Amino acid sequence: MSHDGVRLRAVMRSVVFLTAGALAVPTLASCGSDDESGKPLAAQDIAPAGRDLVADGGTLRWAVDDVPETLNTFQSDADDATTRVAQAVLPAMFRLDAQGRPQRDADYLESAKVVDTEPKQVVLYKLDQQAVWSDGREIGAADFAAQWRALSGKDSAYWTARNAGYDRIEKIERGANNLEVKVTFSRPYADWKALFSPLYPKDVMGTPDAFNDGARRKLKVTAGAFSVQKVDRKDKEIVLGRNPHWWGRPAKLSQIVLAAVPLDKRAAALADGSVDLAEIDPADASRIALAGRAKGTSTPLQGASPTGRDENKNESRQKKKLSKKERKALAKFLRQQDALRAFTVRRSLEPAYTQLALNGSEGPLADERVRRAVARALDRTELAKVVLKPLGLPAVPVGSHLALSGQAAYADNSGALGGQDTTEAQALLADAGWVPGGPVKDKGEKAAGSEGKKSKKTDDESEGGSDGQYIVGEDNKDPQDHTKKHGHGDESSKHLADGKQYDGRKVKQGGAPGAYAPKGTAAPADAKTGLLAKDGKPLALRFVLPSGTGSESLGAVADSISRMLEKVGIRTEITKVSDDSYFKDHIASGQYDLALYSWPASAFPATDARPIFAKPVPAADGSLNVEQNYTRVGTDQVDQLFDQAASTLDEDESASLVRKADARIWAAAGSIPLYQRPQLTAARRSLANAGSFGFQTPLYEDMGFLKKGAAPSASPTKD
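Residues numbered from 1 in each chain as written. Predicted model: local features only at pLDDT ≥ 70, side-chain atom pairs only at ≥ 80, totals over all residues. Heavy atoms only, no water.

## As for the overall build of the protein chain
Of the regular secondary structure elements, the protein chain holds 19 helices and 24 strands. Sorting the 719 residues of the protein chain into buried and exposed places 55% on the buried side. (Helix = DSSP H or I, 4+ residues; strand = E, 2+ residues; numbered from the N terminus. Buried < 20%, exposed > 50% of the residue type's maximum accessible area, 1.4 Å probe, protein only.)

Structure, rendered in structure tokens:
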């Protein structure tokens, strides 16, 4: 975040945080079910309305992080905006429903099913007879075959980021007529519904040049409710317009403009009318809720102070003369608040979860007993409350690494590791040889984290400053002192800290990610703290966090984790690094002991989750091929269960195998799922069928602005 003089956000931040009631909405009830998979913990919040209530025409301006570098979702630099464009303009054989389960898209498919299993699996797709590309050509087998060849992995000239599933296809051919496509697999593939979604035209997939470059900046041929009209990198927006060749329900909107707006500028963009729909952080959600409650007034609500002071100090504040910059910032804030009354906050849970990652490659965490002790020290419900309770969302800890509540493969398998138990955690540590007040070597000796080797300090780490490192458990310092000094917010819907952008195929095992006792540290023999030591070294773990916009809640969760670990004798050293450095220089390269980051949930975990939990294997050059398993913890048994699940065509049996794999991932304690991430979306009150979608793929043709006098159906939450 930039700071130009007295920034509006800097001056007004305390207004939204002091207004404790601004987000005090009733907690969305968790849904129970006899089915192991349950139901989504929170319903989507999109202001649903029938198409007859939605006006024809209009332009929806929707905030995205940036104009995507590519419009090809199968390239490594594809991002969320790439996906959004693809969903609106390209065919998908299957889309996700509100429970995160794949459903046939009737606009493209009359049917799709496995018609043979012996000697080979054969899937027969029957296409809708009206399905055509925007150039008038029928969608058919040639498009399926071109995409298969491009993504099969057999031709290295195609710069693909993934080929899972396509590498199992043996051949694709026309069926009984032009509307039938027959796909034969060389080996069984349970997740076949993941394929051809999206489907690109053969013009894009037909040659390496077309694949690599042709669809990066434009998509000439499409087949969705919308088409790409313009990619404007100067004005940082993509314009989607109605597709005149679309055969489905006509799009209500005339245009959708995806406008690049940074997270910390979205409240201002909403207020000045630049956007109608935007994912926002909790601070902005509070501002919008506050504006909605202040109807009929032009001043902040009682209890909120634009200068960040408590109402109890109202008298002294009135006596203080505001500076010219402060008056200007206050006036701007009040104008924006007035404009923000036209918006509401739509809340749900994102299809992604935040986890605590434990680097098991070296140091104390290479011992499974220590990893399990860390896990048993945590109260995951309390950690979920830190982020979700202030937002009125269900503070229910995630019980699976491989699916979320409501998805077919979900089951709470955390019992394979066990719940919070301080006594058990201490017993595990004692069994691993870590004892209270053990002898510690004198000055200059390293702590035990990751073999005690200290990596060279990078430019993004503060040199001993409070924004860089602080140690929980040293000299009885309270980690809350750090929190009080720097403050923290709640989970930002934009700070995914998502490892999927780093494939980690060959990661060098570099310097030591451990935490280190500062010079002069005395032996941890203080009976009050009970900190542990072994072989002359204290048990200290380096906890690495990102420091950018939206990372405040990760800091709050990390502080809570550190206090929980201190109770069982584990010291943590928290190091904050820049967002740019976080994954590349720390997580992907193994320069950490503990870390917080998130993974998106998949409807096809047997395929998509395998690289995240696959057992790392040594490469010929001495590096470690970790794929996306940045904890470096894996087992042959988990790999075998994934392979079996991906090759089992019985859906129930495949889900059962995924659950067994998850139970073993829990037992290995390489990562600890904490909570499902909040999804906060600011939407113009008149906008229907858009907002926080949860699991479901958006229906772009149904989005639009309500007719005068019309009202949407009841939403899960209200401001």
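Structure shown, so let's carry the discussion forward.
## Description of the side chain of Gln355
Following the sequence through the fold, Gln355 ends up in strand β12 (residues 343-358). For Gln355, the side chain forms a polar contact with the side chain of Ser671, separated by 3.3 Å. Apart from the residues within four sequence positions on either side, Gln355 is in contact with Ala595, Leu596, Tyr597, Trp599, Ser671, Ile672, Pro673 and Leu674. (Polar contact = N/O pair within 3.5 Å; in protein donor to acceptor, adjacent residues only side chain to side chain. Contact = heavy atoms within 4.5 Å.)

## Some thoughts on the pairing of strand β19 (residues 594-600)
Counting buried positions along β19 gives six out of seven residues, so the element sits mostly inside the fold. By the bridge criterion, seven bridges tie β12 to β19 in an arrangement that is antiparallel. Paired with Gln355 across the two strands is Tyr597, which belongs to β19. As defined by bridge partners, strand β17 (residues 540-546) adjoins β19 across two bridges and the pair is classed as parallel. Counterpart to Val544 in the pairing with β19 is Ala595. (Pairing = 2+ DSSP bridges.)

## Quick notes on the environment of Thr381
For Thr381, the location among the structural elements is in helix α11 (residues 380-388). You can call Thr381 partly exposed: its relative accessible area is 32%. C-alpha of Thr381 to C-alpha of Leu674: the two residues are 293 residues apart in sequence and 8.0 Å apart in space. Apart from residues no more than four positions distant in its own chain, Thr381 is found in contact with Ala395 and Pro397.

## Structural notes on a positive patch on the surface
There is a patch of like positive charges on the surface, built from Lys265, Lys321, Lys324, Arg327, Lys328, Lys332 and Arg335. Its location among the elements puts Arg335 in helix α9 (residues 324-340). (Patch = residues over 30% accessible without salt bridge, like charges linked within 9 Å, V, L, I, M, F, W, Y side chains within 5 Å. Areas by Shrake-Rupley, 256 points an atom, 1.4 Å probe, with all protein chains shown as cover. Salt bridge = Lys/Arg side-chain N within 4 Å of Asp/Glu carboxyl O. Lys, Arg positive; Asp, Glu negative; His and termini not counted. Charge placed at Lys NZ, Arg CZ, Asp CG, Glu CD.)

## A word on the packing of aromatic side chains
A complete count under the given rule lists 21 aromatic pairs for this structure. Centroid distance Tyr108 to Trp247: 5.5 Å. Interplanar angle 85°. Geometry classified as edge-to-face. With a gap of 139 residues between them, Tyr108 in the loop between β3 (102-104) and β4 (109-116) and Trp247 in the loop between β9 (237-242) and β10 (255-260) connect regions that are remote in the sequence. Owing to a relative accessible area of 14%, Trp247 belongs among the buried residues under this scheme. Plain terms: the ring middles of Tyr597 and Trp599 are 6.0 Å apart, the flat faces sit at 80° to each other, and that makes the pair edge-to-face. Just as Tyr597 is buried, Trp599 falls in that class too. An aromatic cluster of three or more residues is present, and its members are Phe74, Phe94, Tyr125, Phe144, Tyr166, Trp192, Phe196 and Tyr200. (Phe/Tyr/Trp six-rings, centres within 6.5 Å; stacked < 30°, edge-to-face > 60°.)

## Looking at unusual backbone geometry
The omega torsion across Glu118 and Pro119 is 0°, close enough to zero to call that bond cis. With respect to the element layout, Pro119 can be found in the loop between β4 and β5 (122-127). The residue after Ser197, namely Pro198, is reached through a cis peptide bond having omega 5°. Turning to its location among the elements, Pro198 is positioned in the loop between β7 (180-185) and α4 (202-205). Phi at Glu627 is positive, roughly 50°, even though this residue is not glycine. With respect to the helices and strands, Glu627 occurs in the loop between β21 (624-625) and α18 (636-646). With phi around 60°, Arg632 is a residue other than glycine that occupies positive phi space. Mapping Arg632 onto the fold places it in the loop between β21 and α18. By relative accessible area, Arg632 is classed as buried at 7%.

## Quick notes on empty space enclosed by the protein
With the rule as written, the count across this model stands at three cavities of 30 Å³ or more. For the largest cavity, the calculated volume is near 120 Å³. Forming the walls of the largest cavity are 18 residues, and the residues nearest its centre are Phe613, Asn629, Thr631, Val633 and Ile665. Of all the secondary-structure elements, those providing two or more residues to the lining of the largest cavity are β19, α17 (610-613) and α19 (651-668). Top contributing element to the lining of the largest cavity by residue count: α19, with three residues. Its residues placed into classes, the lining of the largest cavity shows nine nonpolar, eight polar and one charged. (1 Å grid on protein atoms, 1.4 Å probe; cavity = no way out; pocket = protein on both sides within 12 Å on 5 of 7 lines; lining within 4 Å. Points joined across faces, edges and corners; volume = space filled by probe spheres on them. Nonpolar A, V, L, I, M, F, W, Y, C, P; charged D, E, K, R; others polar.)

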